[in-house]
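Each chain is listed here by its residues.
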Amino acid sequence: MPYIDTIPYNESTGELRDIYDGLIKGRGKLAAVHQIQSLSPRALMAHMELYKAVMFNRSPLKRYQQEMIAVVVSAANQCRSCIRHHQEALNF
């Protein structure tokens, strides 16, 4: 869990609750990386837009190659939840 202040789902309201609900609906869960940005819902949405642009827009790399790179970067960052997330994406 992060060492910074966050707003957990059960304490979220308004715009942040709407964002959390959308993430849960679209991704099946609310990841720690999303909650880390909970103090700034605009930053959270900007992060998600960047993530979608990098991972899902046209690219000379195939999707599995992008996920393989993401696993390696996540391992270098020692982010276990990110490793798991990208490994799961590789299995699809």
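Scroll up a little and you will see the structure.
Residues numbered from 1 in each chain as written. Predicted model: local features only at pLDDT ≥ 70, side-chain atom pairs only at ≥ 80, totals over all residues. Heavy atoms only, no water.

Scanning the entire structure with this criterion turns up two salt bridges. Note that Lys52 is salt-bridged to Glu49, the shortest N-O span being 3.0 Å. Of this pair, Lys52 and Glu49 both sit in helix 3 (residues 41-56), three residues apart, roughly one helical turn. On the basis of relative accessibility, which here comes to 40%, the residue Lys52 falls in the partly exposed class. Of the charged contacts in the structure, one is a salt bridge between Arg63 and Glu67, with a shortest N-O distance of 2.4 Å. With a gap of four residues between them, Arg63 and Glu67 both fall in helix 4 (residues 63-76), about one helical turn apart. (Salt bridge = Lys/Arg side-chain N within 4 Å of Asp/Glu carboxyl O. Helix = DSSP H or I, 4+ residues; strand = E, 2+ residues; numbered from the N terminus. Buried < 20%, exposed > 50% of the residue type's maximum accessible area, 1.4 Å probe, protein only.)

Attention shifts here to the environment of Ile36. Position of Ile36 relative to the elements: it lies in helix 2 (residues 32-36). For the pair Ile36 and Tyr3, spaced 33 residues apart in sequence, the C-alpha separation works out to 9.0 Å.

Let us now look at the packing of aromatic side chains. Counted under the stated rule, the structure contains two aromatic pairs. Relative to Tyr20, the ring of Tyr9 has its centre 6.2 Å away and its plane inclined at 25°; by these criteria the two rings are stacked. Of this pair, Tyr9 sits in the segment before helix 1 (14-27) while Tyr20 sits in helix 1, placing them eleven residues apart in sequence. On the basis of relative accessible area, Tyr20 is assigned to the buried category, the value being 0%. Taking the ring centre of Tyr9 as reference, the NZ or CZ of Arg17 above it sits at 4.1 Å. (Phe/Tyr/Trp six-rings, centres within 6.5 Å; stacked < 30°, edge-to-face > 60°. Lys NZ or Arg CZ within 6 Å of the ring centre and 35° of its normal.)

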